[in-house]
Every structure is written in structure tokens, then in C-alpha cells.
Amino acid sequence: MSIVNAKELLMKATREKYAVGAFNITNLILMEAVVEAAVDRKAPLIIQTSVTPAKFLGARVLVAIFRELAQAAPIPICLHLDHCTDVEFCKLCTDAGYTNIMIDASKQAFEENIRQTRAVVDYAHAKGAISVEGELGTVSGVEDQVKVVENEAALCNPAQVVEFVEKTGVDIFAPAIGTAHGVYKTPDPKIDFDRFEKISLLLNGHGVKVPLVVHGGTGLPPATVKRLVALGGAKFNVSTELKYTLIDSVYEYITSHRDEYDPGKIDKAVKASVKEKIYYWIDLLGCAGRAA
Ligand code: 13P
């Protein structure tokens with residue numbers, strides 16, 4: 001149906017109190033799997049790539065495949081560059097046709113984070129309807145090239161949020177609230193719901209202005225996800241779970257079909273397993289049937 005930016009999708013999600021799944025993909029099969037699952041559920045969709053796959057596969061190649069799949073799909077879809085720490089690469093992906101860019105300058109000092117985020121916002125907005133995600137505080141764990149050890153992770157300071165958003169002009173905002181990239185060490189990770197609610201009220205309490213992003217979706221208990229959606233979480237990022245599903249399903253297929261040499265069947269098994277994960281997330285986030 002349509003190629004959209006993340007802001008368009010997420011303003012509506014915030015107003016209507018559901019969230020959109022933002023799924024990290026690393027290859028064509030995963031991209032097809034997330035699109036097919038979202039189409040089956042009539043859900044809006046954000047496809048994400050980290051910097052490494054964007055460099056390995058090529059940003060323009062990824063955009064070409066994205067455009068081909070998105071144009072044929074009867075749902076709105078965004079292509080998002082995730083956690084890019086390099087302003088120049090953000091610009092390159094903007095030029096290539098990504099429709100949302102995350103500049104992750106969260107490890108920098110506050111003023112430098114503002115400066116780099118502002119540079120990407122100015123560039124993306126000058127190109128047209130490309131929206132930008134910025135982050136304050138640091139999310140612990142590893143996501144592609146961004147590594148934050150637990151004792152150095154800093155939660156987002158609500159006192160800085162309005163200044164950050166106003167000075168950068170950022171379209172969507174990711175506050176660090178205790179979620180983490182990768183696999184959680186405990187089944188019930190400590191999330192600072194009060195902090196998240198405060199930030200949500202600051203930005204969207206009097207009319208929706210800047211939709212909120214939750215990082216570290218893998219392993220969050222369903223009740224935690226639902227509570228964060230109710231508090232205003234509009235974009236949920238899920239990466240590690242899909243990488244595990246990809247690798248485990250390849251391994252399982254090969255070990256149970258050791259004499260078979262048919263790559264298409266492996267791809268089929270991977271796609272089926274990944275689609276099951278996407279259905280789970282779409283249903284949990286409440287975005288099934290919201291594509292219209
Ligand atoms: P997980 O890998 O924990 O799902 O986190 C994904 C993420 O936040 C990507 O930005």
C-alpha cells in the first residue's frame with residue numbers, strides 16, 4: 001500500500017494506544033517473513049537494519065528490495081536504520097531511501113548528542129518525509145556496533161527530555177528506562193515504569209508530539225510490554241529473538257535433514273519460524289488490523 005516514515009505510523013499508534021513492531025532483519029528471507037506476517041495480520045510495520053547488514057548488503061540494495069516488497073503489500077511499511085553512531089552513514093542511508101533514521105549519539109555528552117542528532121534531523125528533513133529517532137540515556141547490552149556494559153548504562157534523565165527534543169527537532173524519541181539489548185539475565189527485568197510515564201506525559205500528555213520507542217524487546221515479559229504500551233510506548237524494537245530464531249531453525253533443519261542439499265527448504269523453514277515470532281509480537285502490541 002504505502003511506504004511511510006516512522007513518525008506517521010507512530011503518531012497514530014500513540015493516539016490509539018497500540019504499538020508497532022520494529023523488527024531487525026539481516027537478510028532477504030527475514031525481510032519477506034516480517035512483511036508476510038504483517039500482511040497476514042493487517043498490521044503496520046517497521047523493518048529495521050543495523051549498520052552492519054546495511055554495509056554488508058548495501059543500503060541501496062536493501063532499499064530496492066524493501067521498496068519492491070512494500071509496494072506490493074497492502075499495509076504501510078517503514079524502513080528504519082537502527083543505532084547508527086556515524087552521522088555520515090546516517091546521511092548515506094537517508095540518500096539511499098531509508099524512511100526513518102536513528103542517530104545514536106547517546107554515549108556522547110548531552111550537548112554533543114544534541115549537535116549530532118540535530119545534524120541528522122536537518123539533513124533528513126531537507127530530503128523530504130524522512131523522520132529521525134534520537135536516544136537519551138544508554139541502553140545496556142550489545143546491539144550491532146553499540147556496546148554498553150551494565151554498570152555504565154545510564155537511564156534517561158526526564159529533566160533533559162524537553163530540551164533535547166526541542167533543540168534537536170527529533171521526530172521520535174528513545175529514552176533508556178532499564179530495558180536491555182540481548183537476552184535478559186532475569187525473567188523479570190527491572191524497568192523504570194515511573195520514569196517512562198513521566199517522559200510520556202512530558203512529551204505527549206497534551207496532544208501527541210513525539211512518539212516513544214522502547215528498545216530491548218527480546219525477553220520482556222508480556223505484562224511488561226502491555227504496561228509500556230499503555231504508558232505510551234509506540235515502537236517496540238525486537239532483534240535478538242529473530243537472530244536466535246534464524247540460527248536455531250537453520251541448525252534444526254540441517255540436523256534433521258542431514259542428507260538433503262536444498263537451500264530453498266532451509267529458507268522455507270526459517271521463514272515459517274520467524275513468522276510465528278512476528279505474529280506473537282503483533283498480537284501482543286495490539287497492532288493487528290491497524291493497517292488502514
Ligand atoms: P533486542 O535485541 O533485545 O530485541 O533489542 C532490539 C533493539 O532494541 C534494537 O534497537
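Right above here is the structure, for reference.
Quick caveat: nothing in here was measured; it's all calculated off a predicted structure.

Trainee: Report on the side chain of E135, specifying residues and quantitative values.
Mentor: Structurally, E135 is set in strand β6 (residues 131-136). Put simply, E135 is tucked away with no salt bridge, and the nearest opposite charge, on K235, sits 9.0 Å away. The contacts of E135, once residues within four sequence positions are left out, are H83, M102, I103, D104, S106, N113, F164, A174 and H215.

Trainee: Describe in detail the pairing of strand β9 (residues 172-175), supporting the description with residues and values.
Mentor: By the alternation rule, side chains of β9 split into I172 and A174 and F173 and P175, which are all buried. With 4 bridges connecting them, β6 and β9 associate as parallel partners. Bridging across to β9, E135 finds its partner in A174.

Trainee: Which residues make up unusual backbone geometry, and what values go with them?
Mentor: In the Ramachandran plot, K42 falls in the positive-phi region, its phi being about 55° despite a non-glycine side chain. Within the fold, K42 resides in the loop between α2 (28-41) and β3 (45-49).

Trainee: Please provide a residue-by-residue account of the state of the cysteines, values included.
Mentor: Evaluation of the coordinates by the stated rule reveals 0 disulfides. Just so you know, C93 is unpaired, no disulfide at all, and the nearest cysteine sulfur is the one on C84, 6.5 Å from it. Judged by its relative accessible area of 0%, C93 is buried. We note that C287 lacks a disulfide partner, and the nearest cysteine sulfur, in C78, lies 13 Å from it. The exposure class assigned to C287 is buried, which follows from its relative accessible area of 0%.

Trainee: Describe the site of the ligand, with residues and values.
Mentor: The environment of the ligand is formed by 15 residues, the closest being D82, G216, T218, S239 and T240. One of the backbone N or O atoms of G182 is found 3.0 Å from an oxygen atom in the ligand. One of the backbone nitrogen or oxygen atoms of S239 is found 2.9 Å away from an oxygen atom of the ligand. When the ligand sits alone it has 310 Å² of accessible area, and the protein chains cover 100% of it. Most atoms of the ligand, that is more than half of them, are within 2 Å of grid points of the largest cavity. The set of elements that each furnish at least two residues to the shell around the ligand consists of β4 (76-84) and β11 (233-238). Tallied by class, the residues present in the shell around the ligand amount to 2 nonpolar, 11 polar and 2 charged.

Trainee: Mind laying out the environment of Y279, listing which residues take part and the relevant values?
Mentor: By secondary structure assignment, the location of Y279 is in helix α11 (residues 263-285). For the pair formed by Y279 and M11, sequence separation is 268 residues and the distance between their alpha carbons is 22 Å. Ignoring any residue separated from it by four or fewer positions in sequence, one finds Y279 in contact with A37, D40 and R41.

Trainee: Pulling in residues and values, what's your account of empty space enclosed by the protein?
Mentor: With the rule as written, the count across this model stands at 1 cavity of 30 Å³ or more. In this model, the largest cavity occupies a volume close to 80 Å³. Lining the largest cavity are 15 residues; nearest its centre among them are E143, H181, G216, N237 and S239. Every element with two or more residues in the lining of the largest cavity is listed here: β4 and β11. Classifying every residue of the lining of the largest cavity gives 2 nonpolar, 11 polar and 2 charged.

Trainee: Outline the packing of helix α10 (residues 240-256) against α11, supporting the account with residue identities and numerical values.
Mentor: Where α10 contacts α11, the axes come no closer than 9 Å and their chain directions differ by 145°. Along this stretch, α10 crosses α11, giving a crossing that reads as right-handed. Along the contact surface, α10 presents E241, L242, T245, L246, S249, V250, Y253 and I254, while α11 presents K265, I266, A269, V270, S273, V274, K277, I278 and W281. In terms of residue class, the contact of α10 with α11 is made up of 11 nonpolar, 3 polar and 3 charged.

Trainee: Can you tell me about the layout of surface pockets, naming the residues and giving the values?
Mentor: A volume near 500 Å³ is recorded for the largest pocket. Every residue lining the largest pocket is counted, 25 residues in all, and those nearest its centre are S140, E150, G178, A180 and Y184.

Trainee: Go over the pattern of salt bridges with me, naming the residues and quoting the values.
Mentor: Here the structure, examined in full by the defined rule, presents 16 salt bridges. Across the salt bridge formed by K127 and D95, the nearest N and O atoms sit 3.2 Å from each other. Of this pair, K127 sits in the loop between α6 (110-126) and β6 while D95 sits in helix α5 (residues 87-96), and the two are 32 residues apart along the sequence. Residue classification places K127 among the partly exposed residues on the basis of a relative accessible area of 47%. The class of D95 is partly exposed, set by a relative accessible area of 41%. Note that E112 is salt-bridged to R115, the shortest N-O span being 2.8 Å. You can see E112 and its partner R115 sitting in helix α6, 3 residues apart, about one turn around the helix. By relative accessible area, which is 25% here, E112 ends up partly exposed. Judged by relative accessible area, R115 falls into the exposed class, the value being 51%. The structure contains a network of salt bridges with shared partners spanning E32, E36, D40, K271 and K275.

Cut-offs used in this document
Residues numbered from 1 in each chain as written. Predicted model: local features only at pLDDT ≥ 70, side-chain atom pairs only at ≥ 80, totals over all residues. Heavy atoms only, no water. Helix = DSSP H or I, 4+ residues; strand = E, 2+ residues; numbered from the N terminus. Buried < 20%, exposed > 50% of the residue type's maximum accessible area, 1.4 Å probe, protein only. Lys, Arg positive; Asp, Glu negative; His and termini not counted. Salt bridge = Lys/Arg side-chain N within 4 Å of Asp/Glu carboxyl O. Contact = heavy atoms within 4.5 Å. Pairing = 2+ DSSP bridges. Disulfide = S-S within 2.5 Å. Near = heavy atom within 4 Å. Polar contact = N/O pair within 3.5 Å; in protein donor to acceptor, adjacent residues only side chain to side chain. Areas by Shrake-Rupley, 256 points an atom, 1.4 Å probe, with all protein chains shown as cover. 1 Å grid on protein atoms, 1.4 Å probe; cavity = no way out; pocket = protein on both sides within 12 Å on 5 of 7 lines; lining within 4 Å. Sits in = over half its atoms within 2 Å of the grid points. Nonpolar A, V, L, I, M, F, W, Y, C, P; charged D, E, K, R; others polar. Points joined across faces, edges and corners; volume = space filled by probe spheres on them. Axes fitted to C-alpha atoms, helices over the stretch in contact; angles between N-to-C directions. Left-handed = near helix turned anticlockwise from the far one by under 90°.

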